[in-house]
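Residue-level structural notes
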Amino acid sequence: VLQGFLFLAAVGFTGTIYLKWPQVKSWWITKDFTADDDTLEKLVKIKEKNSLAQIPTIPETELDPEVPGLYYWGGIDSNSKNNKPGVVFPRRVTSFDNMYLREVCLAVVDGKEVNLAVDEKGNLLKWNRKTCKVLLPDQNLVSVKESNGYAYALNKRGEILVIPLNDNKDMAKYVSLKRSWILPWKKHTLYHWKLNTGKCFHSRGEKKVIQFDTGKTHLVMISNVGKVYTCSTGSQPSPDAKSYGQFGVPGMSRFDEFPVCNELHEIELLNNGLSNLNTVYRRNIQQVACGDYHTLARDSTGKLFVFGSNTYGQLGFPISYDTEQLAFPKRLTRFQSYFKRDCITKCKDIYCSGETSYVVMESSPLDVQHSDNLPFSNNVTYFSFGNGLFGELGNGRYMNSQPDPTPIRIINNDSGSCLVDQWSCGHNHVICKLHSGEVLAWGVNDNGQLGSGKRLKQCKPQYLPDLLQPGTKKSSTEIFSSRLHLNAQQALATGPFSSCIYWKK
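Residues numbered from 1 in each chain as written. Predicted model: local features only at pLDDT ≥ 70, side-chain atom pairs only at ≥ 80, totals over all residues. Heavy atoms only, no water.

Further remarks concern the sheet that holds strand E29 (residues 458-463). Reading across from one edge, E26-E27-E28-E29 is the order of the four strands in this open sheet, with antiparallel pairing throughout. If you trace the sheet from one side to the other, it starts and ends with strand E26 (420-425) and E29, each paired once. When the angles between neighbouring strand axes are averaged without regard to direction, this sheet yields 15 degrees. Pairing analysis gives five bridges linking strand E27 (residues 429-434) to strand E28 (residues 439-443), with the strands arranged antiparallel. Residue pairing for E28: Lys433 is matched across the bridge by Val439. (Pairing = 2+ DSSP bridges. Helix = DSSP H or I, 4+ residues; strand = E, 2+ residues; numbered from the N terminus. Axes fitted to C-alpha atoms, helices over the stretch in contact; angles between N-to-C directions.)

Let us look at the side chain of Ser452. Within the secondary structure, Ser452 is located in the loop between E28 and E29. A polar side-chain atom of Ser452 sits 3.4 Å from a polar atom in the side chain of Asn445. For Ser452, the residues in contact, after removing those within four places along its chain, are Val88, Asn445, Leu464, Pro465 and Phe480. (Polar contact = N/O pair within 3.5 Å; in protein donor to acceptor, adjacent residues only side chain to side chain. Contact = heavy atoms within 4.5 Å.)

In this section: the pattern of salt bridges. Following the criterion strictly, the structure yields eight salt bridges and no others. With a closest N to O distance of 3.1 Å, Lys194 and Glu159 form a salt bridge. Placement of Lys194 in the loop between strand E11 (187-191) and strand E12 (209-214) and of Glu159 in the loop between strand E8 (150-155) and strand E9 (160-164) is noted, with a sequence separation of 35 residues between them. Judged by relative accessible area, Glu159 falls into the partly exposed class, the value being 28%. The salt bridge partner of Asp404 is Arg334, with a shortest N-O separation of 2.5 Å. Separated by 70 residues along the polypeptide, Asp404 in strand E25 (residues 399-407) and Arg334 in the loop between strand E21 (325-331) and strand E22 (343-352) bring together distant segments of the chain. (Salt bridge = Lys/Arg side-chain N within 4 Å of Asp/Glu carboxyl O. Buried < 20%, exposed > 50% of the residue type's maximum accessible area, 1.4 Å probe, protein only.)

Within the fold, Ile55 resides in the loop between helix H3 (39-53) and strand E1 (70-77). A relative accessible area of 12% means that Ile55 is categorised as buried. Counting along the chain gives 413 residues from Ile55 to Leu468, while the straight-line C-alpha distance between them is 9.1 Å.

Moving on, we come to the nonpolar core. One broad trend across soluble globular proteins is that nonpolar side chains are buried collectively. If you look at the biggest cluster of nonpolar residues, it comprises 33 residues, and the most contacted ones within it are Leu116, Leu124, Ile163 and Met221. Not counting residues up to four positions away in its chain, the partners in contact with Ile163 are Leu124, Leu135, Leu136, Tyr150, Ala151, Ala153, Met171 and Tyr191. Leu296, Leu304, Cys347 and Met361 belong to the second largest nonpolar core, which has 18 residues in total. (Core = buried A, V, L, I, M, F, W, Y, C linked by side-chain atoms within 4.5 Å.)

Any pair of aromatic rings gets described here by the distance separating the centres and the angle formed by the planes. Applying the stated rule across the entire model yields 18 aromatic pairs. Measuring from centroid to centroid gives 5.0 Å for Phe335 and Phe383, while their planes differ by 65 degrees, and the two rings are edge-to-face. Separated by 48 residues along the polypeptide, Phe335 in the loop between E21 and E22 and Phe383 in strand E24 (residues 380-388) bring together distant segments of the chain. Residue Phe335 shares its accessibility class with Phe383, and that shared class is buried. Here Tyr382 and Trp423 contribute two aromatic rings whose centre-to-centre distance is 5.9 Å and whose plane-to-plane angle is 45 degrees, an arrangement assigned as tilted. With Tyr382 in strand E24 and Trp423 in strand E26, this residue pair connects regions lying 41 residues apart in the sequence. Comparing Tyr382 with Trp423, the two get one shared label, buried. Cluster of aromatic residues (ring-pair linked, three or more members): Phe335, Tyr338, Phe339, Phe383 and Phe385. A cation sits over an aromatic face here: Lys457 above Tyr398, 4.8 Å from the ring centre. (Phe/Tyr/Trp six-rings, centres within 6.5 Å; stacked < 30°, edge-to-face > 60°. Lys NZ or Arg CZ within 6 Å of the ring centre and 35° of its normal.)

Here's what the structure looks like:
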């Protein structure tokens, strides 16, 4: 019996030490300190020393932050064991020194980082922290996104190219060279795999794509006449692929066969509406945004439509059997309770993380007349809804699901000094560039993707510290009390585990 009690006591003591290890470690560090006026100062010095150990030293040979280029942070090191997390401070990627870019796409394909960029000439680049190479030249691209292991790139002619990322030989099948008629010794690269819009563009003057976005397995695009089309992405559907309603077509729901990859379909219930006189009219859709398995769209009059998965309330409707998945566009109007009765509102901007939605609403008094194509004013409110388990809602709470649109109050203020100029949404984190140039970030931070110098997740927007200067040593207090300011040419990009700042052409 005595041996049994001793065994239980040993197990209990060991378990307590394991659970209370941070407190025990803290006591061990301070056990020799006497309770005098110097104790607090000694603890501050120890904390300062530990913080400085995590701050990298920037070589004096590195270019200053004022020089165009690209700063990257977070990410995963696929060459290390267990995919070691990336850096927590923005670090300059020397391959882009003195370069301007049109767009950057940060992605992960088959567990490996696949970062893309479009340079100022429209060439598609593939890069990582150490190297950069031209993946596809001479295409005059303006935008690129990744979905299901493929890059979808929009060129200036309004065509979307489909580019395999995990097999260079597969991409080579669609590449050919053509000699210039004017300069015969020069060759131009032609790429032949493009989304076929000829079968679906039928309206008068409809001839190109002006904007698009992608989710995990779907793409939604807008033509130059404001009509919306969708398709599944990749080369072929996986055996377990299924629709969550993200296509917005009732015949492509979870009860139907998964659609053929890269075959475009018109979202007729989004492109057409029913007036009060029971007549059909055509909507002019101006913007679309895609999460993993849900889609948001807004038209020229400020109406907001949603469809797809609503598992976490990312469509803004209460979660139930009938609304867990919406296979057709449905208008979302659950914002009016936050505004006065004598105000009219319209949707100004939309963005999506993986399972979270962000909506910018403008308000104006009823007695003020506005045109559908003109903005109201700077009286805007920023809303979020959906998954907030990692703090991506930005409302100060960690919630698994929030179907009710809630203002992000840290951004919203009466002075208007926190107006957001640019959003960039990763899978579970968000970074915003304010009108003042300051940068706010919130959400998951396990890989350092917030760029805050720490790996602590944030449930409300926090200002980012300034970029580290080459050859300059500062205390952690000076670094974390500073604020990052971006100029008009600097833009943000985010991926599943990383973020970056680049100079935009």
